[in-house]
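Tertiary structure, described
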Amino acid sequence: MDITPLGTLARTHTCGELTTEHVGQDVVLLGWVHRIRELGPSLVFLDIRDRHGLTQVVARDSEALAEAAKRLRAEFVIAVMGRVAARAPEAVNTKMQTGTIEVAAAELRLLNEAKVPPFSIADEVPIAEEMRLRYRYLDLRRPRMQQNIALRHRATMEIRKYFDEHGFLEIETPMLTKSTPEGARDYLVPSRVHPGEFYALPQSPQIFKQILMIAGMDRYFQIVKCFRDEDLRADRQPEFTQVDLEISFATEDLVFSTIEPLMGRLMALIGREAPRPFLRMPYAEAIATYGSDKPDLRPGMEIRDLSSVFRESSFSLFRGAIDGGGEVRGFAVPGAARYSRRELDDLIEQAKALGAGGLVWARAPDGAVQSPALKAAGEGAIQAALEAAGAGPADLAIMAAGPHDATSRVLGQLRLNLARKENLLAADAFAFLWVVDFPMFEWQEDEQRYEFMHHPFTAPLESDRHLIETEQGRARARAYDLVLNGSEIAGGSIRIHDQGLQRLIFRLLGISDEEAKLRFGFFVDALEFGTPPHGGIALGLDRIVAILSREASIRDVIAFPKTAQAVDLMAGAPSAVNAKQLRELKLGLHLER
């Protein structure tokens, strides 16, 4: 079968749109061979695929046509000319969008051949991620990936439509800008016309979007690429996409009431709802109750303070922790009273690996209290602890003692591990949460000083403004994160719009006036020219689409992602450059080993 040019042949329909309404029509389909099934010398079925779906094609009653179909292979590019026919009732495929019809081929044309792919496109089978990324152009042909990319497209279109309806202007900010590190390392770009000087790729448009508020743009948004040279995880990439926005005369309530309906429209893309208003929770409560500043609310299993049970207890381990200023904290695991001793011992080892000094469990199946601390603490105390933790007869209580935050964080990680074990993290359940009132500063033990928790342009709570010079550890910020299913999908704040306060924050963070002028001079100067109160937020588009797609990794919703080592296996980036390019940039290489 020879390869033929497309010529003037035009597609009449996609491979996902034909229904019984088209029966009797002559059609032209263009796409890839998905599967071939030979059922006889003059009967061949094949599925033709494009990104819109699949259509079954049948070559019958013609040995020449059937022979032509038999010479095709998976991933060959073909044209099919034929007539739409209804399938027999017993042959209807309810799993296919086009499952009620088939196309009786009158002619098949081979538009291009294909090598045998290194993995199956038609079958959803496990494939090593390295292989998928190396042959990303083939991986992207798989229906699952095409659905993810299509959902991402619909999400970005919905976002643009929403913000346009609400008076926002989409404004592009520079990709080549000044290096102003915000916690992660910048990607630097050498300047050819200014030897020895560098641009930085933006970690975020933070300063520019605040400048836009000073410029009177009132409401700004942008779907923007950002870059951070940091260690990667499943939800991190060196280049990522965020939905960035800023609003003049903003309050927290205004930002929240802007974002919540948007999230409702994005959820509607997958046929789900996002009931409003979203729950709000102070940072301190999130740490205490869930051991995390991005808690997953789906499994319940709230961490509770059990200190009152053991304050006068004979159990020296817990009582000693309380006397030393710590707490006893714990939570109940639904239905886990059935755990074997091996499973319980494994929990204790997990706790130790997370930094806990130890872990105590308790249960009372059929009313009989069991715990390794039963003898030391007494049955009454263990029974009281079970009740305080909210554990019923079929449940297991997990308890640990120590400093408040550290104990909560260990229990918070155990809580998630157990929620996965008990299948309590349903992919089709969605729990939104605003975490608010973050600390303004956090202590850096290695540097023995306070550092800003978010970024230095975040305003303090008005009630805590007097603390920022005297008790920095107690000062809270007008910062907020939006959390969905345990993932931070957005973060923002009300900004500092007073130049004097901004300079004070810089000084408290150890940034001298000279350094502030060097790093942020144009921004600090702009604050003098009538800056309105303003605030904003940035939403992680990659993370949001991954959650909507029920994907564990954002790499599965990005067309061309990097590996965990920040490598593009398909394009072979990063790569060396030749000596001529380096000479033009007035650069030399000195690699430290």
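For the structure itself, look to the data block above.
Reading the values: rules and limits
Residues numbered from 1 in each chain as written. Predicted model: local features only at pLDDT ≥ 70, side-chain atom pairs only at ≥ 80, totals over all residues. Heavy atoms only, no water. Helix = DSSP H or I, 4+ residues; strand = E, 2+ residues; numbered from the N terminus. Contact = heavy atoms within 4.5 Å. Patch = residues over 30% accessible without salt bridge, like charges linked within 9 Å, V, L, I, M, F, W, Y side chains within 5 Å. Areas by Shrake-Rupley, 256 points an atom, 1.4 Å probe, with all protein chains shown as cover. Salt bridge = Lys/Arg side-chain N within 4 Å of Asp/Glu carboxyl O. Phe/Tyr/Trp six-rings, centres within 6.5 Å; stacked < 30°, edge-to-face > 60°. Buried < 20%, exposed > 50% of the residue type's maximum accessible area, 1.4 Å probe, protein only. Lys NZ or Arg CZ within 6 Å of the ring centre and 35° of its normal. Pairing = 2+ DSSP bridges. Axes fitted to C-alpha atoms, helices over the stretch in contact; angles between N-to-C directions. Polar contact = N/O pair within 3.5 Å; in protein donor to acceptor, adjacent residues only side chain to side chain. Core = buried A, V, L, I, M, F, W, Y, C linked by side-chain atoms within 4.5 Å. Expected span 1.5 Å × (residues − 1).

Now for the side chain of threonine 156. Summarising the element assignment, threonine 156 is placed in helix 4 (residues 143-165). Among all residues touching threonine 156, those that are not within four sequence positions of it are Ile223 and Leu541.

A grouping of Tyr137, Phe560 and Met570 is seen on the molecular surface, where their side chains present a nonpolar patch of about 300 Å² in accessible area. By secondary structure assignment, the location of phenylalanine 560 is in the loop between helix 16 (541-548) and helix 17 (579-584).

Right, let's get into the packing of aromatic side chains. Under the defined criterion, the tally for this structure stands at 16 aromatic pairs. Seen from their ring centres, tyrosine 135 and tyrosine 137 are 6.2 Å apart, and the 80° between their planes marks the pair as edge-to-face. You can call tyrosine 137 partly exposed: its relative accessible area is 47%. Between phenylalanine 457 and phenylalanine 523, the ring centres sit 5.2 Å apart and the planes meet at 80°, which makes this aromatic pair edge-to-face. Here the residue phenylalanine 457 occupies a position in the loop between strand 18 (449-452) and strand 19 (479-484), and phenylalanine 523 occupies one in helix 15 (residues 513-526), the gap between them amounting to 66 residues. Using a relative accessible area of 1% as the deciding quantity, one classes phenylalanine 457 as buried. Note on phenylalanine 523: relative accessible area 0%, which makes it buried. A connected cluster of aromatic rings, assembled from ring pairs, spans Tyr162, Phe163, Phe168 and Phe221. Across the ring face of tyrosine 339, the terminal group of lysine 421 is positioned such that the distance to the ring centre comes to 5.1 Å.

Let us now look at the sheet that holds strand 21 (residues 534-540). Pairing within the open sheet is mixed, and its 8 strands lie in the order 6-9-10-21-20-19-16-11. In this open sheet, the two strands that pair with only one neighbour each are strand 6 (169-170) and strand 11 (279-282). Strand direction decides the pairing type here: strand 11 and strand 16 (residues 432-436), joined by 4 bridges, are parallel. Looking at the pairing, leucine 279 lines up with leucine 433 of strand 16. Each of strand 9 (219-227), strand 10 (239-248), strand 11, strand 16, strand 19, strand 20 (487-494) and strand 21 touches helix 6 (residues 252-268); the most contacted strand, strand 16, lies at about 160° to it.

With that settled, consider the environment of serine 512. On the secondary structure map, serine 512 appears in the loop between helix 14 (499-508) and helix 15. Given the relative accessible area of 31%, serine 512 is considered partly exposed. A C-alpha to C-alpha distance of 44 Å links serine 512 and aspartate 556, two positions 44 residues apart in sequence. A distance of 3.1 Å separates a polar atom in the side chain of serine 512 from the backbone nitrogen of glutamate 515.

All told, the structure shown has 41 salt bridges when counted by the stated rule. The network of salt bridges with common partners includes Glu124, Arg132, Arg136, Asp139, Arg142, Arg144, Glu551 and Asp556.

One finds Met263 and Leu539 to be the most contacted residues of the largest nonpolar core, which totals 42 residues. Beyond its immediate chain neighbours, meaning those up to four positions away, methionine 263 contacts Ala274, Phe278, Phe432, Leu482, Ile489, Leu539 and Ile544. Within the second largest apolar cluster, 36 residues are counted, among which are Ala475, Val483, Leu501 and Leu509.

We now examine helix 13 (residues 404-421). In this model, helix 13 (18 residues) spans 26 Å end to end at C-alpha, consistent with the 26 Å of a helix rising 1.5 Å per residue. Among the residues of helix 13, those classed as buried are Thr407, Ser408, Val410, Leu411, Gly412, Leu414, Arg415, Leu416, Leu418 and Ala419. Close packing links the buried residues of helix 13 with helix 7 (283-290), strand 13 (327-333), helix 10 (341-353) and strand 15 (396-402).

It is worth spelling out the sheet that holds strand 12 (residues 304-305) at this point. Across the sheet, which stays open at both edges, the 4 strands sit in the order 12-13-15-14 with antiparallel pairing between neighbours. In the strand order of this sheet, the two ends are held by strand 12 and strand 14 (360-362), each with one partner. When strand 14 meets strand 15, the two strands line up antiparallel, connected through 3 bridges. Pairing of alanine 362 across the sheet is with alanine 397, part of strand 15. Packed onto the sheet, helix 9 (residues 316-323) meets strand 13, strand 14 and strand 15 and runs at close to 45° relative to strand 15.

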